[in-house]
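Coordinates in review
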Amino acid sequence: MLRRHFFLVLAVGVVLLMAVAGGLKILSDARPAQGGAPGAGGGGGPPGMGRGGPGGPRGEVPRVSLVSPVSRTFTERLELLGVAKGRQSVTLSAATTQLVSRVLFTPGQTVARGQVLVELKTTEQDAALAQAQAREVQARRAYERWRTLGEQGYASTAAVDQFEAAWKTARADVAAAEARLGDRVIRAPFAGVVGLSDIAPGAVINPGAAIVTLDDLSAVRVDFQVPDRFLSAVREGQALTATVDAWPDARFSGRIIRLDTRIDERTRALTARSEFSSAEGRLKPGMMLRVGVSQGSRTGLALPESAVAVQGEGASVFVVVEEGGRMTVQQKPVRAGLRQDGWVEILEGVTPADRVVADGLNRVQSGQPVRPAGGPPAGGAAPRRPG
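Definitions and limits used
- Each chain carries its own residue numbering, running from 1 in the direction its sequence is written.
- A pLDDT threshold of at least 70 governs which residues receive local features in this predicted model, and a stricter bar of 80 or more applies before side-chain atom pairs are shown or counted, although totals over entire chains, interfaces and linings include all residues.
- Values reported for side chains reflect all heavy atoms of the structure, with hydrogen atoms and water molecules removed beforehand.
- Helix and strand assignments follow DSSP, with helices taken as H or I runs no shorter than four residues and strands as E runs no shorter than two, numbered in order from the N terminus.
- Throughout this description, buried means an accessible area under 20% of the type-specific maximum (1.4 Å probe, protein chains only), exposed means over 50%, and partly exposed covers the range between.
- Any two residues whose heavy atoms approach within 4.5 Å at even a single point are treated as in contact.
- Aromatic pairing here means that ring centres of Phe, Tyr or Trp (its six-membered ring) are within 6.5 Å. Orientation follows from the plane angle: under 30 degrees is stacked, over 60 is edge-to-face, and everything else is tilted.
- Counted as over-ring charges are cases with an Arg CZ or a Lys NZ within 6 Å of the ring centre that also lie within 35 degrees of the ring normal.
- Strand pairing is assigned whenever DSSP identifies at least 2 bridges connecting the two strands.
- Given the number of residues in a helix, its expected span is that number minus one, multiplied by 1.5 Å.
- Here, nonpolar core means buried Ala, Val, Leu, Ile, Met, Phe, Trp, Tyr and Cys residues that are tied together by side-chain atoms lying within 4.5 Å of each other.
- Along the chain, pLDDT gives the predictor's confidence residue by residue, from 0 to 100.
- For helices, the fitted axis covers only the stretch in contact; all axes are lines through C-alpha atoms, and the angles between them, taken along N-to-C directions, range from 0 to 180 degrees.
- For classification purposes, angles smaller than 35 degrees are called roughly parallel, those larger than 145 roughly antiparallel, those between 65 and 115 roughly perpendicular, and all remaining angles oblique.
- Put simply, a crossing is left-handed when the front helix is turned counterclockwise from the back one by less than a right angle, and right-handed when it is turned clockwise.
- Following the grouping adopted for this structure description, the nonpolar residues are Ala, Val, Leu, Ile, Met, Phe, Trp, Tyr, Cys and Pro, the charged ones are Asp, Glu, Lys and Arg, and the polar ones are all others, Gly among them.
- Basic side-chain nitrogens of Lys or Arg form a salt bridge, by our definition, when they fall within 4 Å of a carboxyl oxygen of Asp or Glu.

With respect to the overall build of the chain
Along its length, the chain carries 3 helices and 20 strands. The proportion of buried residues among the 387 residues of the chain is 31%. Pairs at least 24 residues apart make up 73% of the contacts formed inside the chain by residues separated by at least 6 positions.

Here you go:
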């Protein structure tokens, strides 16, 4: 019983101590608020001058850079993605299983059309060709003898025809042996540049296995998909521009060389084929390009992208308003158009006479006093010169 009362008294004492500590803290917090100096962070200072107020720490008025809307020409472009390919591209492979005898190219080498790149082992095929040629010679001689006998009347026409057929069959066997021998020689089907390869003499090549790539880089071909609703914006021979991530400041010029004859039923898009110059090898097969199709140009007011605040689907700017020598900013909704080269087209909401906060939009809010960067303090005249 004594222990139970002891713990009860101890709990009541702890609660009383907590209540006293809380009351002392409330009194200490309330005392600076009632007698604090203006602008020191309490409630006695003027609005906007306390700590954390719109004016910033210690009532400082933020300096902002100002810009006025300027007239600028915007080109309305339809941007589509495409993958670069060589004018002609192929991956060479063998038509049969055989050992590699010789490799006659080096990676990155420019080769001519018909140039031998790889030779496979041909021992068996050489023997088969020699055998077929020997049979062809024998069959031709037999046919010539029987033809002479037939002309002299000592052999029937049927016998002469039989030996002629045997000779022609032997010639066909020779052609087949030569074709099998030709399959052991890999040639370049067109002029171009060979890629990297791990093929070496002694390796076994299987049918369809990749030997080396060959690309005609005299021009770069780019196929891209045009949605059917934009078909009126494309035509054969139309000039194009393209950009790539590797050279973001470069613009590559090309043209549409062919439009497909039908629209893909699944994507509702038409394939357009274009050609670009290789630009000294900067455009390579497999590279992703953003192809721009021009749809016309127009001139209108523009502001830097840093001056336009985007909020969901809407946009706004902070316009400087001067009343009674005091400069404040007011947030004003605008209707934005195209974005190009760091500028935003402003269709509605500002005039050329407006002064707009150019950057640092996160440091200002509507109704807040500001002063231009490098200018006199807002809300008063320039400081007097001494004397």
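Notes on the packing of aromatic side chains
As enumerated under the stated definition, the model contains 2 aromatic pairs in all. Here Tyr 143 and Trp 167 contribute two aromatic rings whose centre-to-centre distance is 5.5 Å and whose plane-to-plane angle is 10°, an arrangement assigned as stacked. Here Trp 167 lies in helix 3 (residues 157–182) and Tyr 143 lies in helix 2 (residues 123–152), a separation of 24 residues in the sequence. Judged on exposure class, the residue Tyr 143 and its partner Trp 167 are both buried. For the ring pair Trp 146 and Phe 163, a centre distance of 4.8 Å and an interplane angle of 10° mean the geometry is stacked. In this pair, Trp 146 is assigned in helix 2 and Phe 163 in helix 3, connecting sequence segments 17 residues apart. A cation over a ring is seen here: Arg 171 above Trp 167, with NZ or CZ 4.3 Å from the ring centre. Lying across the ring of Trp 247, Arg 282 places its NZ or CZ 5.7 Å from the centre.

A closer look at the pairing of strand 12 (residues 247–264)
Relative to strand 12, strand 11 (residues 239–244) runs antiparallel, the two sharing 5 bridges. When the sheet's bridge partners are listed, Ala 242 is paired in strand 12 with Phe 252. Where strand 11 folds back onto strand 12 in an antiparallel hairpin, the turn is made up of 2 residues. The pairing of strand 12 with strand 13 (residues 269–276) spans 7 bridges and is antiparallel. Bridge pairing in strand 13 links Ile 256 to Ser 274. Where strand 12 hands over to strand 13, the hairpin turn is made up of 4 residues, of which Arg 268 adopts a positive phi near 55°.

Description of the sheet that holds strand 7 (residues 185–187)
Taken together, the 4 strands give an open sheet; going across it, the order is 7-6-4-9, and neighbouring strands pair in antiparallel fashion. The open sheet terminates on both sides in strands that have one partner only, identified here as strand 7 and strand 9 (204–205). Pairing between strand 6 (residues 116–120) and strand 7: 3 bridges, direction antiparallel. Looking at strand 7, one finds that Glu 119 is bridged to Val 185.

As for helix 3
Here helix 3 contains 26 residues, and its C-alpha end-to-end distance of 38 Å stays within 8% of the 38 Å for a straight helix at 1.5 Å per residue. All of the buried residues along helix 3 are Ala 159, Val 160, Trp 167, Ala 170, Val 174 and Ala 177. Taken together, the buried residues of helix 3 touch helix 2.

Considering the nonpolar core
By size, the foremost hydrophobic cluster in this structure holds 23 residues, and its most contacted members are Val 222, Phe 224, Leu 240, Phe 276, Leu 283, Leu 289 and Val 291. Elements with a minimum of two residues in this core: strand 3 (70–93), strand 10 (210–227), strand 11, strand 12, strand 13 and strand 14 (288–304). Those residues in contact with Phe 276 that sit more than four places away from it in its chain are Ala 219, Val 220, Val 222, Leu 240, Thr 241, Ala 242, Phe 252, Ser 253, Gly 254, Leu 283 and Val 291. Among the nonpolar cores identified, the runner-up in size contains 17 residues, and Val 111, Val 118, Ala 188 and Ile 205 belong to it.

Side note on the confidence of the model for the chain
Looking at the chain, the pLDDT average stands at 81 and 84% of residues meet or exceed 70. Residue range residues 32–58 is modelled with pLDDT below 50. Its contacts to residues more than four positions away, or to other chains, number 18 contacts.

Regarding the packing of helix 2 against helix 3
Their axes nearest at 8 Å, the elements helix 2 and helix 3 cross at an angle of 160°. With respect to each other, helix 2 and helix 3 are oriented roughly antiparallel. The two elements helix 2 and helix 3 meet at a crossing, and its hand is left-handed. Of the residues belonging to the contact of helix 2 with helix 3, the class tally is 16 nonpolar, 3 polar and 10 charged.

Points about the environment of Arg 171
Mapped onto the elements, Arg 171 comes out in helix 3. For Arg 171 and Arg 135, which are 36 residues apart along the polypeptide, the C-alpha to C-alpha distance reads 8.5 Å.

Some words on the pattern of salt bridges
Enumeration over the complete set of coordinates arrives at 13 salt bridges. Note that Arg 102 is salt-bridged to Glu 119, the shortest N-O span being 3.0 Å. Here Arg 102, found in strand 4 (residues 98–103), pairs with Glu 119, found in strand 6; they are 17 residues apart in sequence, far enough to count as distant.

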